[in-house]
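# Coordinate inspection notes
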Amino acid sequence: GAGVSQSPSNKVTEKGKDVELRCDPISGHTALYWYRQSLGQGLEFLIYFQGNSAPDKSGLPSDRFSAERTGGSVSTLTIQRTQQEDSAVYLCASSGTHQSPLHFGNGTRLTVT
Amino acid sequence: DQQVKQNSPSLSVQEGRISILNCDYTNSMFDYFLWYKKYPAEGPTFLISISSIKDKNEDGRFTVFLNKSAKHLSLHIVPSQPGDSAVYFCAASPRNSGYALNFGKGTSLLVTP
């Protein structure tokens, strides 16, 4: 079966531009997470979606970051007016329930020049 | 504020010997712990977990030990194989909240033939 799919795998953008990162979770998984990993750091929680509940946005680092999950499936993470410190690998994960281990995608490597 | 700490950024072990990866945490509310393994250019994959009601969980060559009084857990791999070479992340969360896993910065394990 298909795992978590993320696109693009790599994205280079100029400072100040907006970017959209996409995540297709495993079919049937109700929980979806976004994390990011900056160079030399651990995984930093960004946002969590569970079913139709309001998302937990407590990890978003600034109001330039937003995420949507349409129809309980595909999710898009949007970063507006990108800054160099936004450069990182952005990882999406899904799980069947919020207590199940996470299944991660391969990530999107974002480079802001 | 790093609530999950992996103090050894790297570890080198000879094939066939035991690999011991360590993890410390500071939040006494954590009661669910996981280890993830990550190869380059791939997302982390779930390896093994343990809840606070246990002090040991074993799965094949992998065993996780939990010492709640010391707020310490460790992952033992025996015997180590070259294919085990990867970055290992320790993660923890309060189980009732389930999500927003707190990750350590990872330990890079190299198993040499």
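Quick note: structure is the one above.
Note that this is a predicted model, so its numbers are computed, not measured.

### Some thoughts on the pairing of strand E5 (residues 45-51) of chain B
Residues and elements named next belong to chain B. Burial analysis of E5 places five of its seven residues in the buried class, which makes it a mostly covered element. Inspection of the sheet shows strand E4 (residues 32-38) paired to E5 by six bridges, in the antiparallel sense. For Trp35, the partnering residue across the bridge sits in E5 and is Ile48. Once E4 ends, the chain turns through six residues before running back antiparallel as E5, passing Ala41 with a positive phi of about 65°.

### Concerning the state of the cysteines
Inspection of the entire model under this criterion finds two disulfides over all chains. The side chain of Cys23 of chain A participates in a disulfide bridge whose partner is Cys92 of chain A; the two sulfur atoms lie 1.9 Å from each other. Between Cys23 of chain A and Cys92 of chain A, the S-S dihedral sits near -65°, and the bridge is therefore left-handed. One end of the pair, Cys23 of chain A, is in strand E3 (residues 19-24); the other, Cys92 of chain A, is in strand E8 (residues 88-95), with 69 residues separating them in the sequence. Put simply, Cys23 of chain B and Cys90 of chain B are joined by a disulfide, and their sulfur atoms are 2.0 Å apart. Looking along the S-S bond of the Cys23 of chain B-Cys90 of chain B disulfide, the torsion reads about -75°, which is the left-handed sense. Here Cys90 of chain B lies in strand E9 (residues 86-93) and Cys23 of chain B lies in strand E3 (residues 19-25), a separation of 67 residues in the sequence. Judged by its relative accessible area of 0%, Cys23 of chain B is buried.

### Concerning the environment of Ala2 of chain A
Mapped onto the elements of the fold, Ala2 of chain A is located in the segment before strand E1 (5-7). For Ala2 of chain A and Gly96 of chain A, which are 94 residues apart along the polypeptide, the C-alpha to C-alpha distance reads 14 Å.

### As for the pattern of salt bridges
Residue and element names in this part refer to chain A. Applying the stated criterion across every chain, the model contains four salt bridges over all chains. A salt bridge links Arg22 to Asp24; its shortest N-O distance comes to 3.0 Å. Among the residues examined, Arg22 registers a relative accessible area of 37% and is labelled partly exposed. Among the ionic pairs, Arg64 bridges to Asp86, the shortest N-O distance being 2.8 Å. In this pair, Arg64 sits in the loop between strand E5 (43-50) and strand E6 (65-69) while Asp86 sits in the loop between strand E7 (75-79) and E8, placing the two residues 22 residues apart along the sequence. For the pair Arg64 and Asp86, one class covers both residues: buried.

About the thresholds
Residues numbered from 1 in each chain as written. Chains lettered and ligands numbered in written order. Predicted model: local features only at pLDDT ≥ 70, side-chain atom pairs only at ≥ 80, totals over all residues. Heavy atoms only, no water. Buried < 20%, exposed > 50% of the residue type's maximum accessible area, 1.4 Å probe, protein only. Helix = DSSP H or I, 4+ residues; strand = E, 2+ residues; numbered from the N terminus. Pairing = 2+ DSSP bridges. Disulfide = S-S within 2.5 Å. Salt bridge = Lys/Arg side-chain N within 4 Å of Asp/Glu carboxyl O.

Treat this as a map of the structure, not an account of what it does.
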